[in-house]
Amino acid sequence: MIERIDSPANKKVKLAAALKQRKQREKTGLFVAEGIRLCEMAADAGWQIEFGLLTSQILEQKRGAELVEKLTGQNCPLYEVPDNIFAKAAGTETPQGIMLVMAQKNPSLPAGAERDKPLYVVMDGVQDPGNAGTIIRTADAVGADGVILLKGTVDVYSDKAVRSTMGSIFHVPVYSGVTQDELTDFVQESGLQLLATALDETAKPHFQQDFTQGTAVVLGNEGNGVSQELLAAAQKTYIPMYGQAESLNVGMSAAIVLYEALRQRKF
């Protein structure tokens, strides 16, 4: 049964809107998945869904009606709201008429690698949520074992980051708030090589690295790159460029490096 909410002061509406703020996401441990495709993937992921908000337009679509039926079958509380109230809670300019308030998953790093020769992606101070989401999506696409976010990296549960993952946040483990010391210990305990992207005269081209062994690849801040502390502990690698471009977007860099890893491992 779908209940009706007509007041913008309703607690559930106010909570969904408040989750646009990082401090509220951290306080509650919740986040919002918005849009029909993302909500479909959330419904299939088995993650805890607190409740959903929807508009009448979603019920008028075959795909939307099927999603609502699936969520109802999972005993997910659903609330229909007017378009203007939904728009206040939504994080997009042209809302699709459905959003789910969900519990975050914030696992701790495992004691060691959980399979032979794993591949991890590390974000060191990446600030743009679109870049972070793209990196998670790419890590999922190549079958990486996890994405590690060091302290100071953007919150991947922001609405833009979640949308940018295109649902991959539900598929690949994401370890947030990891310190450099914790990363170093994990790399050593798991027997991984630590690679860091850097424009450095001692760096090797990414296609000369051996990605067939257990590997953690560090990608740095959009403006400053990987921190000096991690560069000192890692093998440096770079992506050759022969045109006039000064640099590559960090999301693009991740795709190039990770697909070289996939090529070496699978082809």
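Here we summarise the structure given alongside this text.

What about the overall build of the protein?
Broken down by element type, the protein carries eleven helices and twelve strands. In terms of overall dimensions, the protein is globule-like: its C-alpha atoms have a radius of gyration of 20 Å, near the 18 Å expected for 267 residues. Oriented by its inertia axes, the alpha-carbon framework of the protein measures out at about 60 × 40 × 35 Å. Counting every position in the protein, which comprises 267 residues, the buried fraction comes to 51%. Taking contacts inside the protein between residues at least 6 apart in sequence as the whole, the part at least 24 apart equals 81%. Accessible area of the protein: about 13,100 Å², with a carbon and sulfur share of 47%. Within the protein, the 32 negative side-chain charges are centred at a point lying 4 Å from the centre of the 26 positive side-chain charges.

Points about the packing of helix α7 (residues 129-141) against helix α11 (residues 250-266)
Their axes nearest at 8 Å, the elements α7 and α11 cross at an angle of 15 degrees. In this view, α7 runs roughly parallel relative to α11, as classed from their interaxial angle. The interaxial crossing formed by α7 with α11 has right-handed handedness. Here Asn131, Thr134, Ile135, Thr138, Ala139 and Ala141 of α7 lie close against α11, whose contacting residues are Val250, Gly251, Ala254, Ala255, Leu258 and Tyr259. Classifying every residue of the contact of α7 with α11 by side-chain character gives eight nonpolar, four polar and no charged.

Notes on the pairing of strand β5 (residues 98-103)
When a strand is regular, its side chains alternate between the sheet's two faces. Most of β5 sits inside the fold, with six of its six residues counted as buried. Residues of β5 alternate between two faces, with Ile98, Leu100 and Met102 on one and Met99, Val101 and Ala103 on the opposite face, all of them buried. Bridge count between strand β2 (residues 30-34) and β5: five bridges; the pairing is antiparallel. The residue bridging Leu30 from the neighbouring strand is Ala103, located in β5. Across five bridges, strand β3 (residues 49-54) lies against β5 in antiparallel orientation. Its bridge partner lying in β5, Ile49 is registered against Met102.

Describing helix α3 (residues 36-45)
The buried count for α3 comes to seven of ten residues, which makes it a mostly enclosed element. The elements touched by buried residues of α3 are β2, β3, α4 (56-59), α5 (62-73), β5 and α8 (159-165).

Quick notes on the packing of aromatic side chains
Counted by the stated rule, this structure contains five aromatic pairs. Consider the rings of Trp47 and Phe170, whose centres lie 5.0 Å apart with planes at 85 degrees: the pair is edge-to-face. Of the two residues, Trp47 sits in the loop between α3 and β3 while Phe170 sits in the loop between α8 and β8 (174-178), which places them 123 residues apart along the sequence. Neither residue differs from the other here; Trp47 and Phe170 are each classed as buried.

A word on the environment of Glu93
Locating Glu93 in the fold gives a position in the loop between α6 (83-89) and β5. Residue class for Glu93 comes out exposed when judged on its relative accessible area of 83%. With 146 residues separating them in the primary sequence, Glu93 and Ile239 have C-alpha atoms 36 Å apart.

Side note on the sheet that holds β5
Strand order in the open sheet formed by five strands is β1-β4-β3-β5-β2, with mixed pairing between adjacent strands. Whereas interior strands pair on both sides, the edge strands pair on one side only; in this sheet they are β1 (2-4) and β2. Adjacent strand axes in the sheet meet at a mean angle of 25 degrees when their direction is disregarded. Across three bridges, the pairing between β1 and strand β4 (residues 78-80) is parallel. Opposite Arg4, over in β4, you have Glu80 as the bridge partner. Strands in contact with helix α1 (residues 11-18) are β2, β3, β4 and β5; relative to β3, the strand with the most contacts, it is inclined by about 100 degrees. Most of the contacts of α3 go to β5, to which it runs at about 40 degrees, and overall it touches β2, β3 and β5.

Focus: α11
Under the 1.5 Å per step criterion, the end-to-end length of α11 is 24 Å for 17 residues, consistent within 8% with the ideal 24 Å. Where α11 is concerned, the buried positions are Val250, Gly251, Ser253, Ala254, Val257, Leu258, Glu260, Ala261, Leu262 and Gln264. Against β6 (119-124), α7, β9 (193-197) and β11 (215-220) lie the buried residues of α11. In this structure Asn249 caps α11, since a side-chain oxygen of it lies 2.6 Å from the backbone nitrogen of Gly251.

Parameters and conventions
Residues numbered from 1 in each chain as written. Predicted model: local features only at pLDDT ≥ 70, side-chain atom pairs only at ≥ 80, totals over all residues. Heavy atoms only, no water. Helix = DSSP H or I, 4+ residues; strand = E, 2+ residues; numbered from the N terminus. Rg over C-alpha atoms; globule rule 2.2 N^0.38 Å. Buried < 20%, exposed > 50% of the residue type's maximum accessible area, 1.4 Å probe, protein only. Contact = heavy atoms within 4.5 Å. Areas by Shrake-Rupley, 256 points an atom, 1.4 Å probe, with all protein chains shown as cover. Lys, Arg positive; Asp, Glu negative; His and termini not counted. Charge placed at Lys NZ, Arg CZ, Asp CG, Glu CD. Axes fitted to C-alpha atoms, helices over the stretch in contact; angles between N-to-C directions. Parallel < 35°, antiparallel > 145°, perpendicular 65-115°, else oblique. Left-handed = near helix turned anticlockwise from the far one by under 90°. Nonpolar A, V, L, I, M, F, W, Y, C, P; charged D, E, K, R; others polar. Pairing = 2+ DSSP bridges. Phe/Tyr/Trp six-rings, centres within 6.5 Å; stacked < 30°, edge-to-face > 60°. Expected span 1.5 Å × (residues − 1). Polar contact = N/O pair within 3.5 Å; in protein donor to acceptor, adjacent residues only side chain to side chain.

Geometry only, nothing functional implied.
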